[in-house]
Amino acid sequence: MCARHFLRAKADGRKLSLVTCYDYTFARLLSKTTVDGILVGDSAGMVMHGYRSTLSVNVELMRLHTEAVVRGAQDKFIISDMPFLSFRKGLSAALDSAQVLMSAGAHALKVEGVDGHEDVIQRMAQSGIPVMGHLGLQPQSVHAYGGFRVQGRSDAAARDIARQAKTLEELGAFAVVLECIPASLAHEITGDLGIPTIGIGAGAGCDGQILVLQDLLGMNTDFHPKFARAFSDGARNVLDAVANFDDAVKSGAFPAPEESY
Ligand code: KIV
C-alpha cells in the first residue's frame, strides 16, 4: 500500500479501511490484518496518555509512537499526525517537524485544516511527502468549537468544509479524513473529489473509514461516541482475563508445575 494505491482504490470503487495504532504490540497484530493503513494519530495523547485533548501532544511524542508502530508493522502504510501547532509556526519549522516524523519511518503525514497553512501542505506534497488532510471536526481546534461537536451542520459551514476539501486536493493531498460531519455532506464531498475521503463519524458515503483501535476493540467502558462501533468486547475480555489471573494466583492454581522451572 502507498498513497497511489489510495487513489487507485477510489478509482476502482474499493473501500479503504484504516485504524489508529500507537504501540509496537498492536502494530505487530495489525501487520497480520488486511487493513489498508495505520494512523499514528495524535489521539495517542488521549488514548495512551490520558490527556483530555490532543493539544498536549508534541513532535517528540509523535516520533516515539511512530517509531514503535513502524517497528511492529514493517509492511503497512503508516501515516503519522502532525501535532498541534507543529505546522503553524512557519514553513521552515513545519518542514523540520515533518522531517522528524518521516525520519521516524512514517510513509505519509496528516495535517488538520488548510486555511493559513496552504504553503506548508503544498511544500510537503511537492517534497515527496504524501499529505492526508483532516476536515470537519478537527480535534486540535476543540477549544474554538467549545467541545467535540459535529461540524458542518449549517449550510455556510457545510460549504466551507467542501471548499477546504477542494483546496486540499488542489494543494496535492492524497486523501482527506472527514470527521464528524453530516453523512450527506461527506457523501457530496466524496463525489466532488478525485482523492479518497476517509470518514469517522461521517456516514457510509466516504471512500473509506477509520476508527481508533481501542474504540473498535471496545476497550472503553465510559466513552461511546455514536459513530464508534465496538467490534469486540475488549474491556470485558481484559477484565475477565485479569480477574482469572488474580483468582488463580490467590487460590494457588497459578503457576502450575509445568509453568515452573
Ligand atoms: O488522531 C486520530 O486518531 C485521528 C483520527 C480520529 C482520524 O485523527
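Conventions we followed
- Residues numbered from 1 in each chain as written.
- Predicted model: local features only at pLDDT ≥ 70, side-chain atom pairs only at ≥ 80, totals over all residues.
- Heavy atoms only, no water.
- Helix = DSSP H or I, 4+ residues; strand = E, 2+ residues; numbered from the N terminus.
- Expected span 1.5 Å × (residues − 1).
- Contact = heavy atoms within 4.5 Å.
- Pairing = 2+ DSSP bridges.
- Buried < 20%, exposed > 50% of the residue type's maximum accessible area, 1.4 Å probe, protein only.
- Right-handed = clockwise from strand over helix to strand, strands pointing away.
- Axes fitted to C-alpha atoms, helices over the stretch in contact; angles between N-to-C directions.
- Parallel < 35°, antiparallel > 145°, perpendicular 65-115°, else oblique.
- Left-handed = near helix turned anticlockwise from the far one by under 90°.
- Near = heavy atom within 4 Å.
- Polar contact = N/O pair within 3.5 Å; in protein donor to acceptor, adjacent residues only side chain to side chain.
- Areas by Shrake-Rupley, 256 points an atom, 1.4 Å probe, with all protein chains shown as cover.
- 1 Å grid on protein atoms, 1.4 Å probe; cavity = no way out; pocket = protein on both sides within 12 Å on 5 of 7 lines; lining within 4 Å.
- Sits in = over half its atoms within 2 Å of the grid points.
- Nonpolar A, V, L, I, M, F, W, Y, C, P; charged D, E, K, R; others polar.
- Salt bridge = Lys/Arg side-chain N within 4 Å of Asp/Glu carboxyl O.
- Domains from an automatic or database assignment.
- Buried area = accessible area lost by both parts, 1.4 Å probe.

Enquirer: Honestly, helix 8 (residues 155–171) in this entry has me stumped. Any pointers?
Expert: Side chains that are three or four residues apart share a direction in an α-helix, a result of its 3.6 residues per turn. The terminal C-alpha atoms of helix 8 lie 24 Å apart, and with 17 residues this matches the ideal 24 Å at 1.5 Å per residue to within 8%. Tucked inside the fold, the buried residues of helix 8 contact helix 6 (118–126), strand 5 (131–136), strand 6 (175–179) and helix 9 (183–192). Remark: Gly 172 follows helix 8 within two positions and exhibits a positive phi of approximately 110°.

Enquirer: Which parts of the structure should I look at to understand the pairing of strand 8 (residues 208–211)?
Expert: On a regular strand, each side chain points to the face opposite its neighbour's, so the side chains alternate between the two faces of the sheet. Examined bridge by bridge, strand 1 (residues 16–20) and strand 8 share 4 bridges and lie parallel to one another. The partner of Leu 16 across the bridge, within strand 8, is Gly 208. Direction of pairing for strand 7 (residues 197–200) relative to strand 8: parallel, over a ladder of 2 bridges. Directly across from Ile 198, in strand 8, lies its bridge partner Gly 208.

Enquirer: Honestly, the pairing of strand 1 in this entry has me stumped. Any pointers?
Expert: For strand 1, a buried count of 4 out of 5 residues is recorded, marking the element as mostly surrounded by other parts of the structure. Taken together, the 3 bridges between strand 1 and strand 2 (residues 37–40) define a ladder with parallel strand orientation. Across the sheet, residue Leu 18 finds its bridge partner in strand 2, namely Gly 37. Between the parallel pair strand 1 and strand 2, the chain is carried across by helix 2 (residues 24–30), and the sense of this crossover is right-handed.

Enquirer: Even after reading the chapter, I still don't get the packing of helix 8 against helix 9, so can you show me in this structure?
Expert: What describes two packed helices is the angle between their axes and the distance between those same axes. As a packed pair, helix 8 and helix 9 sit with axes 10 Å apart at the nearest point and diverge in direction by 30°. Taken as axis vectors, helix 8 and helix 9 run roughly parallel relative to one another. Our pair here, helix 8 against helix 9, has a crossing hand that is right-handed. Contacts between helix 8 and helix 9 pair Ala 158, Arg 159, Ile 161, Ala 162, Ala 165, Lys 166 and Glu 169 from the former with Leu 185, Glu 188, Ile 189 and Asp 192 from the latter.

Enquirer: Is there a simple way to explain the site of the ligand in this structure?
Expert: Around the ligand, the neighbouring residues are Thr 20, Leu 39, Gly 41, Asp 42, Ser 43, Asp 81, Lys 110, His 134, Val 177, Glu 179 and Ile 200. Ser 43 is positioned with one of its side-chain polar atoms (N or O) 2.5 Å from an oxygen atom of the ligand. Burial of the ligand by the surrounding chains reaches 96%, relative to a free accessible area of 260 Å². Among the detected pockets, the ligand sits in the largest pocket. For the shell around the ligand, the per-class residue count stands at 3 nonpolar, 4 polar and 4 charged.

Enquirer: I'm lost on the pattern of salt bridges in this one. Help?
Expert: Two side chains with opposite charge may pair up if their charged atoms get near one another. Tallying each qualifying case throughout the model produces 10 salt bridges. One salt bridge connects Lys 110 with Asp 81, and the closest N-O pair in it is separated by 2.8 Å. Linking Lys 110 in strand 4 (residues 108–112) with Asp 81 in strand 3 (residues 78–81), this pair joins segments that are 29 residues apart in sequence. What makes Lys 110 buried here is its relative accessible area of 2%. Classification of Asp 81 by relative accessible area gives buried; the value is 1%.

Enquirer: Is there a simple way to think about the sheet that holds strand 3 in this case?
Expert: As a general point, the strands of a sheet are linked pairwise by backbone hydrogen bonds and lie either parallel or antiparallel. Pairing in this closed barrel of 8 strands is parallel, and the strands run 1-2-3-4-5-6-7-8 around the ring. Adjacent strand axes in the sheet meet at a mean angle of 25°, parallel and antiparallel pairs treated alike. Note: strand 2 against strand 3, 3 bridges, orientation parallel. The residue bridging Leu 39 from the neighbouring strand is Ile 79, located in strand 3. Docked against the sheet, helix 5 (residues 91–103) engages strand 3 and strand 4, running at close to 140° with respect to strand 4.

Enquirer: Is there a simple way to think about the domain arrangement of the protein in this case?
Expert: Frequently, the measure chosen for interface size is the accessible area removed from exposure when the parts meet. With domains assigned, the protein is organised as domain 1 (3–230) and domain 2 (233–261). Just the C-alpha atoms count here: the centres of domain 1 and domain 2 sit 38 Å apart. Of the residues lining the interface, 4 residues belong to domain 1; the matching set on domain 2 comes to 4 residues. Both faces considered, domain 1 and domain 2 share a buried interface measuring about 270 Å² in area, 67% of it formed by carbon and sulfur atoms. Linking domain 1 with domain 2 are 0 salt bridges. Taken together, domain 1 and domain 2 are joined by 3 residue pairs in polar contact (both at pLDDT 80 or more).

Enquirer: I tried to follow the side chain of Ser 53 on my own but got confused; where do I start?
Expert: Tracing the chain through its elements places Ser 53 in the loop between helix 3 (44–47) and helix 4 (59–72). Look at Ser 53 and you get buried, because its relative accessible area is 12%. Engagement of the side chain of Ser 53 in a polar contact is seen with the backbone nitrogen of Leu 55, the distance being 3.1 Å. With residues up to four places along the chain from it excluded, the contact list for Ser 53 reads Met 46 and Val 142.

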